[in-house]
Amino acid sequence: MFGFRLKLTLLVIATLPVLVSLGFWQLSRYEQKLMLEQAYESRHALEPLSLSQAQRHEDPLYLPFTVSGRFDPDRYFLLDNQVFQGEAGYELFMPFLTDDGAWLLIDRGWIVAGDRERLPEVMTDPEHLILTGFAYKPLGKPFMLAEDIWEEGWPKRIQAFDSLKISEAIESTTPDFYMVLRAGQPGAEQMRPMVINLKSEKHLGYAFQWFAMALVLLLLYGFQMIRSGKQKQA
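The rules behind these values
Residues numbered from 1 in each chain as written. Predicted model: local features only at pLDDT ≥ 70, side-chain atom pairs only at ≥ 80, totals over all residues. Heavy atoms only, no water. Salt bridge = Lys/Arg side-chain N within 4 Å of Asp/Glu carboxyl O. Helix = DSSP H or I, 4+ residues; strand = E, 2+ residues; numbered from the N terminus. Buried < 20%, exposed > 50% of the residue type's maximum accessible area, 1.4 Å probe, protein only. Pairing = 2+ DSSP bridges. Patch = residues over 30% accessible without salt bridge, like charges linked within 9 Å, V, L, I, M, F, W, Y side chains within 5 Å. Areas by Shrake-Rupley, 256 points an atom, 1.4 Å probe, with all protein chains shown as cover. Arc of directions from axis to C-beta. Contact = heavy atoms within 4.5 Å. Polar contact = N/O pair within 3.5 Å; in protein donor to acceptor, adjacent residues only side chain to side chain.

Engineer: Quick question: what am I supposed to make of the pattern of salt bridges here?
Structural biologist: Any two side chains of opposite charge can pair, given that their charged atoms come close. Counted under the stated rule, the structure contains five salt bridges. Among the ionic pairs, D80 bridges to R116, the shortest N-O distance being 2.8 Å. Of the two residues, D80 is situated in strand 3 (residues 77–84) and R116 in the loop between strand 5 (103–112) and strand 6 (129–136); the sequence distance between them amounts to 36 residues. For R116, a relative accessible area of 40% corresponds to the partly exposed category. Here K137 makes a salt bridge to D176, at a shortest N to O gap of 3.3 Å. A residue pair is termed long-range when its members are at least 10 positions apart, and K137 in the loop between strand 6 and strand 7 (156–158) and D176 in the loop between helix 3 (163–170) and strand 8 (178–181) qualify at 39 residues. Taking the relative accessible area as the measure of exposure, K137 reaches 25% and is therefore partly exposed.

Structure, rendered in structure tokens:
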């Protein structure tokens, strides 16, 4: 009986902190997603800023802005494993040289993958363009099963967005955010709706589930300890 109580206690000691920490992690994700939702709702209808104004902003996420310059049609990045309406494709990122001589990465939208053995060719307007979109950058690093090794030459098929590696690849520094083109802008492909992957309320529900599991574990532990104590006395 003592061995059972000891094993049960060790199991609870090992499991309970995990359940509680997962609950608090979901609460933190709830707060982050809530802030993102509020920022998106409040900023997407604002008048566009300039690139320099967006860069000076403390948090440019979702801020609309306008740039003028030219695409670099020979170099672009294809973010793999992007699905739209059930079809596999890429998210197309292309460097853009502004009139001020600064480089900016532009998200031109989704394109179909087609033949996996051949990377798709992209039509690009070489003329001077004025583009409007909004600032975006991924939050945190994506989970990768293996290192994302980029091959030589262009275009580059990539598995994750990495602003530092992109700057190294084009041999020029870019802002820590990129522009997502508005639908209908020159160079825009299929612009998928900007959707926050998981609503904040979902994270709140997940947090409740983890905390509930922790509470159930404690109750079951207490019940078993009381029960085994009575059996010992009998």
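Engineer: Would you take a moment to explain the pairing of strand 5 for this structure?
Structural biologist: Counting buried positions along strand 5 gives nine out of 10 residues, so the element sits mostly inside the fold. Relative to strand 5, strand 4 (residues 87–98) runs antiparallel, the two being bridged by nine bridges. Counterpart to F96 in the pairing with strand 5 is L104. What sits between strand 4 and strand 5 in their antiparallel hairpin is a turn of four residues, with G101 showing a positive phi close to 85 degrees. With two bridges connecting them, strand 5 and strand 8 associate as parallel partners. Paired with I106 across the bridge in strand 8 is M179.

Engineer: Can you walk me through a nonpolar patch on the surface in this structure?
Structural biologist: A cluster of nonpolar side chains, contributed by L6, L10 and I13, occupies part of the molecular surface with about 290 Å² of accessible area. Mapped onto the elements of the fold, L6 is located in helix 1 (residues 2–43).

Engineer: How should helix 3 be read in this particular structure?
Structural biologist: Given 3.6 residues per turn, any residue in an α-helix points the same way as the ones three and four places further on. Buried within helix 3 are the following residues: I166, S167 and I170. The buried residues of helix 3 occupy an angular sector of 100 degrees when the element is viewed end-on, so they sit on one face. The outward face of helix 3, more than 90 degrees from its buried face, is lined by the exposed residues L164 and E168. Of the surrounding elements, those touching the buried residues of helix 3 are strand 3, strand 4 and strand 5. A side-chain oxygen of the first residue of helix 3 lies 3.1 Å from the backbone nitrogen of L164; this N-cap is D162.

These figures capture arrangement, not role.
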